[in-house]
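Each chain is listed here by its residues.
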Amino acid sequence: MDDYDLLVVGSANADLVIGVERRPAAGETVLGSDLAVHPGGKGANQAVAAARLGARTALLARIGDDAYGRLLLDSQRTAGVDTVGVLVGGAPTGVALITVDPSGDNSIVVSPGANGRLTPEDVRAAACLFQSSRVVSAQLEIPLETVVAVAGSLAPGSRFVLNPSPPLPLPAEVLDVCDPLIVNEHEAKVILGDACASEEPEDWARILLSRGPKSVVVTLGSQGALVASADGGVERVAPVKVDAVDTTGAGDSFTAALAWKLGTGASLAEAAAYAARVGAVAVTRRGAQESFPTAEEVASL
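Bear in mind that the values here come from a model prediction, so they are computed numbers and not experimental data.

Enquirer: What's the story with the overall build of the protein chain in this structure? I'm lost.
Expert: Along the backbone of the protein chain there are eleven helices and 13 strands. Taking 301 residues into account, the globule formula puts the C-alpha radius of gyration at 19 Å, and the protein chain, at 18 Å, falls close to it. Overall size of the protein chain, expressed as C-alpha extent along the three principal axes, is 50 × 45 × 40 Å. For the protein chain, the proportion of its 301 residues judged to be buried stands at 54%. The contacts in the protein chain between residues at least 6 apart in sequence include a share of 65% that link residues at least 24 apart.

Dropping the structure here:
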């Protein structure tokens, strides 16, 4: 099992980005910057981020037979991602509409397009990719039934990393193989529901851990992150202080870096600390994939 350090199964979108002074209220129109089109989608972002760092990476995704799809294929190949698992056709390429305010915070609306046509059958047909991958990473911009199929397709000894975004209630067969489950504050609260009475991230991590995952990571933005496992307890990961320009894709770069480092044998805390550095570099640059650093750039931070 040494062909790929990381197999990413997930979405591939064209990001249509507009800068705004503030987000519009209901019924309001605001003017923004010129439209910028970038390759994106959580799956495609994670694959590019990992490959930029030096990981041998493959992507299993579905795109449309259109200009946006060609943009995404070009970006993957330029980064060094193996696109043998990228399927073409079935629907137009997915699109994300993104507004970015002056502080760098973003709001996103996604039209799934071809991402919604990535099926469990596609996962089963890609069995050779799963058998050849140390770590498998997924998100929830593809159908949940497809993520369930991913969880059931892992090779013996491989590790499953899940970022449940956008958040949904997760079945036991998915939770039980997460190592780790990576959530931000919003995702943690949605998944925990009524069980989330506490405002302490340490409590969220412990409750999530009791639901079945082998480990949990809670990202806390400018406050860093925390990691939790049954045998290691809960540990804080210090933030990396930078001047944020654009947070688009930062969570994807964090997840990709953490998944890759875990595959190299790093501990969960070590992997999260490295991933925090990768995310810190990414937020100092505009865009998603074009903001992802190389290993040398992370080392120089």
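Enquirer: For this particular structure, what's the right way to read a nonpolar patch on the surface?
Expert: A cluster of nonpolar side chains, namely Ile 18, Leu 35, Val 37, Tyr 68 and Leu 71, defines an oily patch on the protein surface of about 380 Å² accessible area. By the secondary structure assignment, Leu 71 is in helix 2 (residues 67-79).

Enquirer: Can you walk me through the packing of aromatic side chains in this structure?
Expert: What characterises a pair of aromatic rings is the spacing of the ring centres plus the angle enclosed by the ring planes. As enumerated under the stated definition, the model contains one aromatic pair in all. When the centroid spacing of 6.3 Å and the interplanar angle of 65 degrees are considered together, the rings of Trp 260 and Tyr 274 count as edge-to-face. With Trp 260 in helix 9 (residues 250-263) and Tyr 274 in helix 10 (residues 268-282), the pair connects residues that are 14 residues apart, well separated along the chain. Of the residues examined, Tyr 274 reaches a relative accessible area of 16% and is grouped as buried.

Enquirer: Explain helix 7 (residues 185-192) here, please?
Expert: Note that an α-helix has 3.6 residues per turn; residues three or four places apart therefore point the same way. Those residues of helix 7 not exposed but buried are Glu 187, Ala 188, Ile 191 and Leu 192. For helix 7, the arc enclosing every buried residue in end-on projection is 120 degrees, short of the 170-degree limit, so these residues lie on one face. At its buried positions, helix 7 is contacted by strand 9 (159-163), strand 10 (178-183) and helix 8 (201-210). Its side-chain oxygen placed 3.2 Å from the backbone nitrogen of His 186, Asn 184 serves as the N-cap of helix 7. Directly after helix 7, the chain includes Gly 193, whose backbone phi takes a positive value near 60 degrees.

Enquirer: Could you clarify how one ought to interpret unusual backbone geometry in this entry?
Expert: Residues apart from glycine generally show negative phi values, whereas peptide bonds are mostly found in trans. Residue Pro 166 is bonded to the preceding Ser 165 through a cis peptide linkage, with omega at -5 degrees. Cis geometry marks the peptide bond from Asp 179 to Pro 180; its omega dihedral reads 10 degrees. As for its position among the elements, Pro 180 is in strand 10.

Criteria and thresholds
Residues numbered from 1 in each chain as written. Predicted model: local features only at pLDDT ≥ 70, side-chain atom pairs only at ≥ 80, totals over all residues. Heavy atoms only, no water. Helix = DSSP H or I, 4+ residues; strand = E, 2+ residues; numbered from the N terminus. Rg over C-alpha atoms; globule rule 2.2 N^0.38 Å. Buried < 20%, exposed > 50% of the residue type's maximum accessible area, 1.4 Å probe, protein only. Contact = heavy atoms within 4.5 Å. Patch = residues over 30% accessible without salt bridge, like charges linked within 9 Å, V, L, I, M, F, W, Y side chains within 5 Å. Areas by Shrake-Rupley, 256 points an atom, 1.4 Å probe, with all protein chains shown as cover. Salt bridge = Lys/Arg side-chain N within 4 Å of Asp/Glu carboxyl O. Phe/Tyr/Trp six-rings, centres within 6.5 Å; stacked < 30°, edge-to-face > 60°. Arc of directions from axis to C-beta. Polar contact = N/O pair within 3.5 Å; in protein donor to acceptor, adjacent residues only side chain to side chain.

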